[in-house]
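One letter stands for each residue in the lines below.
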Amino acid sequence: MTATSNDREQLRPGLWATVNDRYPGSMITKSDLVPLAGLEKPLAQSRLTFVSTAGVQPKGTLPFDVAHPVGDYSFRRVSSTAAPADLEIHQLKYPTAGANRDLNVIFPIDRLRELVEEGVIGGLTPDFFSFIGYNMDPERLERTLAEEIAEAVVADGAEAALLAPA
Amino acid sequence: MTEHAKPPRAVFVPFMMGHHFGVPFHRDLQRRIILEALDRLIQAEQSGDIHALPVTWAQARREGIAIERELGMRS
């Protein structure tokens, strides 16, 4: 049996306070949990989308502004049929040594397509969604970027979403 | 971090930043992490569910190096 949040001690209990001291106001603070929404039909019949903070984007599209002091609050659509060779990363805040050799370590587009081909997942939305995780104004992030992606995900017919940080 | 962000369900992956789905060319591990995450859609009983992936970074790297050797990408 593996650990769950109920029986596992936090690995670095002081980390949150440390980050808040050094970058005041930059961390999202949640006082309540959102209600748990379940699948309306089996995963094998559901359409999945993928949302990532990895800064992955199609080659030739406007690069994320990785130098702006408060971040870049825009997102890019990445076709779920794209080849990894046609994608690139514009993000400086995490090590990309692995992703530069195999994008699937941070943006597992090949593995997700394989799971659809095997029938484990019903399908994928036409596009995945990508932005950069360096955004120092969490209130703005929630009000703009998060809302815009949520609306786009729903409009694209997603029935489940896999979200991954970088 | 994961606990403070209070996601409704999550898999905690104890890997290096930028490697949340594992190591290069380790297809089985990449696939497993996706499946562990999707499994929470079914298994999570209450909001705030955090499932810890029972794989260490050292183990993932060892396996990745072995795979690269098999593929002739590393001596």
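This one's a predicted model, so the numbers in the text were calculated from it and none came from an experiment. (Residues numbered from 1 in each chain as written. Chains lettered and ligands numbered in written order. Predicted model: local features only at pLDDT ≥ 70, side-chain atom pairs only at ≥ 80, totals over all residues. Heavy atoms only, no water.)

Enquirer: Is there a simple way to think about the overall build of chain A in this case?
Expert: Within chain A, the secondary structure is distributed over four helices and seven strands. When the helices and strands of chain A are listed from N to C terminus, the series reads α-β-β-β-β-α-α-β-β-α-β. Relative to the 2.2 N^0.38 estimate, which gives 15 Å for 166 residues, the radius of gyration of chain A is 17 Å and therefore close to what a compact globule would have. In terms of its C-alpha atoms, chain A occupies a principal-axis envelope of roughly 45 × 45 × 30 Å. Residue burial in chain A is summarised as follows: out of 166 residues, 41% are buried. Pairs at least 24 apart in sequence give 78% of the contacts found in chain A among residues at least 6 apart. Here chain A has roughly 8,800 Å² of accessible surface; of this, 54% comes from carbon and sulfur atoms. Averaging the coordinates of the 15 positive side-chain charges in chain A and doing the same for the 23 negative ones gives two points 4 Å apart. (Helix = DSSP H or I, 4+ residues; strand = E, 2+ residues; numbered from the N terminus. Rg over C-alpha atoms; globule rule 2.2 N^0.38 Å. Buried < 20%, exposed > 50% of the residue type's maximum accessible area, 1.4 Å probe, protein only. Contact = heavy atoms within 4.5 Å. Areas by Shrake-Rupley, 256 points an atom, 1.4 Å probe, with all protein chains shown as cover. Lys, Arg positive; Asp, Glu negative; His and termini not counted. Charge placed at Lys NZ, Arg CZ, Asp CG, Glu CD.)

Enquirer: Which parts of the structure should I look at to understand the confidence of the model for chain B?
Expert: A low pLDDT score tells you not to read the predicted coordinates there in detail. Residues and elements named next belong to chain B. Summary statistics for chain B give a mean pLDDT of 95 and a share of 100% for residues scoring 70 or more. The least confident element of chain B is helix H1 (residues 2-5), whose mean pLDDT is 80; the most confident is helix H3 (residues 57-70), at 98. At the level of chain-chain contacts, confidence expressed as ipTM amounts to 0.96, with global pTM at 0.90. (pLDDT = per-residue confidence, 0-100.)

Enquirer: Explanation requested: the pairing of strand E6 (residues 127-130) of chain A in the structure shown.
Expert: Put simply, side chains in a regular strand alternate between the two faces of the sheet. Residue and element names in this part refer to chain A. Going residue by residue along E6, you find Asp127 and Phe129 tucked away on one face and Phe128 and Ser130 tucked away on the opposite face as well. With two bridges joining them, strand E1 (residues 47-52) and E6 adopt parallel strand pairing. Across the sheet, residue Ser52 finds its bridge partner in E6, namely Ser130. Both strand E3 (residues 76-79) and E6 contribute to a ladder of four bridges, which runs antiparallel. The partner of Ser79 across the bridge, within E6, is Asp127. (Pairing = 2+ DSSP bridges.)

Enquirer: How should I be thinking about the interface of chain B and chain A in this particular structure?
Expert: How big an interface is tends to be stated in terms of the accessible area lost upon association of its parts. Listed as interface residues are 39 residues of chain B and, on the opposing side, 48 residues of chain A. Summing both partners gives a buried area of about 3,800 Å² for chain B against chain A, and 65% of it is carried by carbon and sulfur. Counting the surface chain B buries against chain A, the share from its top three residues, B:Met1, B:His4 and B:Phe21, is 16%. For the pair chain B and chain A, the number of links is three salt bridges. A:Arg101 is the salt-bridge partner of B:Glu68, the closest N and O atoms lying 2.7 Å from each other. The interface formed by chain B and chain A contains 13 residue pairs in polar contact (both at pLDDT 80 or more). Among the elements that make up the side of chain B that touches chain A, the one with the highest residue count is helix H2 (residues 27-43) of chain B (nine residues). (Buried area = accessible area lost by both parts, 1.4 Å probe. Salt bridge = Lys/Arg side-chain N within 4 Å of Asp/Glu carboxyl O. Polar contact = N/O pair within 3.5 Å; in protein donor to acceptor, adjacent residues only side chain to side chain.)

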